[in-house]
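Here is how the chains run, residue by residue.
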Amino acid sequence: MDHPARTERVRNLSETNQACQRTLFDFSEGEDPVVVRRKKARSRRDSDPHRQREAKKYSNPIPSREFILEILAEAGVPLTFDEVAATLDIRDEVEVIALQRRIGAMVRDGQLVRNRRDALCLVNKRDLIAGRVIGHQDGFGFVKPEDGGDDVFLYPRQMRGLFHNDRVVVRVTGRDRRGRLEGSVVEVLERNTRTVVGRFYQESGVGFVVPDNKRLAHDIIIPSDRIAGSEQGQIVVAEITDQPTNRNHPIGKILEVVGDHMAPGMETDIAVRTHDLPVEWPLQVLSEVADLKAEVPAAAMEGRTDLRGIPLVTIDGADARDFDDAVFCERKPKGWRLLVCIADVSSYVEPGTALDTEGSNRGNSVYFPDRVIPMLPEVLSNGLCSINPDVDRLCMTCELYVNREGQVTRSRFFEAVMRSHARFTYDQVAAMIVEGDPDLCERFSDLLPHLRELYALYKVLHGARAVRGAIDFDTTETYFDLSDQGRVLAIRPLVRNDAHRIIEECMLAANVAAARLFERKKMPSLYRIHETPKEEKLSDLREFLAELALSLPGGERPTAKDYADLLESVKERPDRHLIETVLLRSMQQAMYSSENVGHFGLAYPAYTHFTSPIRRYPDLMVHRTIKHLLAGGTAADFDYAKPDLQGIAEHCSGTERRADEATRDAASWLKCEYMEDKIGEEFDGIITSVTSFGVFVELDDIYVDGLIHITALDNDYYHFDPVGHRLTGERTGTIYRLGDRVRVLVAAVNLDERKIDFVLTQAQTNRKKRRRKV
């Protein structure tokens with residue numbers, strides 16, 4: 001008796017054979033079936049919706065990335081390279097090589113992954129996720145998906161072969177007991193740690209470097225013939241020669257001995273090296289800018305609107321290092337006309353040049369307490385693209401008409417040439433329009449009427465902001481007052497006045513106008529997005545507020561106005577700082593994206609960055625998009641496809657985080673240095689964070705924070721409540737909560753770890769005990 005499975009296979013083979021016979025018969029009187037298949041493939045290839053864009057970019061265009069992804073999606077199964085080439089009728093040797101390069105780039109970018117049969121699979125199919133690794137000093141890590149969504153947790157064993165900031169493809173394997181996605185590494189797409197800064201040590205004849213960056217959990221093994229004279233405990237720079245694997249530690253060699261101790265200014269040098277910030281300009285970049293002059297050539301001004309007669313002015317901080325925006329305002333019958341002029345960086349930085357590549361690589365300028373690492377060479381950042389007074393400058397202008405209710409009724413963009421009539425500081429403008437300083441008012445009497453109109457416009461824009469429901473947290477920014485030798489003299493708060501807010505509202509209006517233009521023209525571009533808070537964060541927030549007899553309206557999808565209304569309702573409460581902090585921490589981080597999802601915090605349905613192309617690459621891309629529209633272009637013939645823009649968005653979000661981490665490292669070191677001679681002194685402060693291992697306290701008027709470790713609290717066992725943001729003593733009932741005021745003593749300062757340890761003073765401990773008795 002035949003087995004059923006065998007019978008079924010025989011039947012299938014028979015049917016397949018009959019189908020083949022019919023196919024041969026069908027073509028016996030007609031065309032060659034190979035020719036027919038090629039015609040179909042050619043017709044299929046011609047249907048690529050991005051053919052025009054590819055033809056514009058390449059002399060011998062091949063199918064676009066989007067079309068290749070579409071082909072694989074339609075196939076429903078992994079395809080080999082030969083199968084993809086056949087489907088697209090790519091047989092010419094030059095085209096085959098070009099397709100190989102494109103698919104290789106798609107694999108590197110995480111759009112595709114190769115399986116064990118070397119077939120191409122779509123990422124995000126079968127639970128595959130591409131993203132960037134976020135390392136933790138305790139050995140575990142996360143993958144932040146490039147297409148958005150929840151982070152994927154990686155156990156230490158998965159992190160053995162990875163460094164922080166590597167790009168990988170992971171397979172989701174399940175969820176842990178806390179509900180987090182868990183993953184395993186499928187492929188490393190890109191290694192991003194090439195050099196490491198740290199301390200060199202030798203133990204039992206083995207040399208190794210302990211990284212300064214605590215997100216790098218691996219020690220770097222240094223063979224004895226590669227230590228380059230390094231001595232125990234010295235700060236060194238090591239090059240990674242062998243990346244980590246699941247079995248082996250990374251191996252490296254010493255490139256440079258930085259020194260034994262951290263001298264003034266070295267904190268920035270270390271941060272630059274630790275975070276691999278580009279500092280030196282490639283020779284090709286220097287060659288491209290070598291012929292640029294200090295003045296704008298007359299030919300570059302042709303065809304532009306001449307604004308040189310309009311009294312545009314710049315308003316910046318006293319220590320500002322670049323000037324990329326100027327403003328002008330005049331009263332109109334129905335409101336105001338506002339001009340926001342931004343340095344036209346895109347006229348000097350053309351796509352495809354070494355200058356553009358380097359600007360993209362840097363992503364943004366980085367501002368340290370003692371220096372700036374610019375995104376563009378000084379001849380541009382401090383010269384042709386800096387709006388200095390009384391010189392001609394090329395600019396991109398946003399013209400806005402605003403009514404008396406603060407609503408923009410009309411806006412347009414155009415290329416112009418301008419001349420700044422004055423360089424004002426925020427304090428000067430505030431002194432004139434708020435305080436009425438007679439000397440300044442007389443000195444700038446010709447410009448004063450326009451400044452007053454700017455102030456009047458600010459008031460209605462600020463009023464519209466409140467109606468819209470934008471969130472305005474009362475946070476304090478600080479700056480370092482440094483000596484000539486780079487030592488910290490003081491840490492001071494940055495005081496904001498109405499002049500700061502005038503410029504902020506003008507820039508917001510221009511940014512929104514640009515975003516609305518892209519939405520109206522259905523133009524792909526970069527947006528600055530701020531997504532709504534995650535459900536888990538909202539749940540914890542509501543539970544916390546309930547303990548205070550408060551609630552956040554808005555149900556499952558609260559708006560920015562719901563947040564703003566709650567903040568307004570608690571502004572007179574003594575625990576206002578506590579509530580503000582918890583609200584702020586419930587929100588997500590803003591980032592760049594090619595997909596517009598709005599800006600939650602600012603309460604805008606569409607928002608982008610237009611106003612700082614001299615120091616932010618996304619703004620430069622926005623200028624290029626606007627110029628493309630001004631030239632009559634459309635989405636179909638734009639040089640950048642949506643996947644290209646998303647890649648730029650992710651990269652620039654990454655460089656922004658890199659800059660934040662680098663400047664934070666330098667600032668932390670300076671704060672530690674400042675507190676070194678204050679060990680044993682007492683200060684008042686406020687608890688700014690509560691963790692399972694202790695509480696962080698920020699000192700009043702000094703703006704330095706440190707840790708009171710849980711072992712330094714009263715003699716008790718403390719239980720951590722992450723929702724209530726508190727530690728509670730099991731025996732005594734003593735509570736330490738976010739927002740509590742405490743008096744502490746500086747116990748220790750560790751420069752290498754950038755940590756400051758506090759302990760409670762005896763008086764503080766006694767106060768807690770008296771409260772318990774009451």
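Further up the page is the structure itself.
Rules and cut-offs
Residues numbered from 1 in each chain as written. Predicted model: local features only at pLDDT ≥ 70, side-chain atom pairs only at ≥ 80, totals over all residues. Heavy atoms only, no water. Pairing = 2+ DSSP bridges. Helix = DSSP H or I, 4+ residues; strand = E, 2+ residues; numbered from the N terminus. Axes fitted to C-alpha atoms, helices over the stretch in contact; angles between N-to-C directions. Core = buried A, V, L, I, M, F, W, Y, C linked by side-chain atoms within 4.5 Å. Buried < 20%, exposed > 50% of the residue type's maximum accessible area, 1.4 Å probe, protein only. Phe/Tyr/Trp six-rings, centres within 6.5 Å; stacked < 30°, edge-to-face > 60°. Lys NZ or Arg CZ within 6 Å of the ring centre and 35° of its normal. Salt bridge = Lys/Arg side-chain N within 4 Å of Asp/Glu carboxyl O.

Read from one edge of the open sheet, 3 strands run 29-30-31, paired in antiparallel fashion. In this open sheet, the two strands that pair with only one neighbour each are strand 29 (718-721) and strand 31 (735-737). Strand-to-strand twist in this sheet, taken as the mean axis angle between neighbours without regard to direction, amounts to 15°. Pairing geometry for strand 30 (residues 726-729) and strand 31, over 3 bridges, is antiparallel. In the strand pairing of strand 31, Thr-728 is matched with Ile-735.

To continue, consider the pairing of strand 30. Sheet analysis places strand 29 next to strand 30, joined by 4 bridges and oriented antiparallel. In the strand pairing of strand 30, Phe-720 is matched with Leu-727. Between strand 29 and strand 30, which follow one another and run antiparallel, lie 4 residues, and His-725 among them has a positive phi close to 55°. From the end of strand 30 to the start of strand 31, which pair antiparallel, there are 5 residues, and Gly-733 there has a positive phi angle of about 75°.

The subject of this paragraph is the nonpolar core. One finds Phe-424 and Phe-610 to be the most contacted residues of the largest nonpolar core, which totals 95 residues. Residues Leu-567, Val-582, Tyr-703 and Tyr-718 belong to the second largest nonpolar core, which totals 53 residues.

With that settled, consider the packing of aromatic side chains. Per the stated rule, a full pass over the model turns up 13 aromatic pairs. Both rings, one in Phe-413 and one in Phe-610, keep their centres 5.2 Å apart while their planes meet at 75°; by these two values the pair is edge-to-face. Separated by 197 residues along the polypeptide, Phe-413 in strand 20 (residues 408-419) and Phe-610 in the loop between strand 25 (591-593) and helix 20 (617-630) bring together distant segments of the chain. Taken together, the ring pairs connect Phe-140, Phe-142, Phe-153 and Tyr-155 into an aromatic cluster. Residue placement shows Arg-528 over the ring face of Tyr-592; its charged tip is 4.6 Å from the ring centre. Positioned above the aromatic ring of Tyr-674, the side-chain terminus of Lys-678 is 3.9 Å from the ring centre.

Attention now goes to the pattern of salt bridges. Two side chains of opposite charge can pair, provided their charged atoms sit close to one another. Applying the stated criterion to the full structure yields 50 salt bridges. Asp-176 is paired through a salt bridge with Arg-180; the nearest N and O atoms lie 2.7 Å apart. With a relative accessible area of 11%, Asp-176 lands in the buried category. Note that Asp-324 and Arg-615 form a salt bridge whose closest N and O atoms lie 4.0 Å from each other. Of this pair, Asp-324 sits in the loop between strand 14 (313-316) and strand 15 (325-332) while Arg-615 sits in the loop between strand 25 and helix 20, placing them 291 residues apart in sequence. Overall, the relative accessible area of 27% leaves Arg-615 in the partly exposed class. Taken together, the shared-partner salt bridges connect Glu-330, Lys-332, Arg-337, Glu-399 and Arg-412 into one network.

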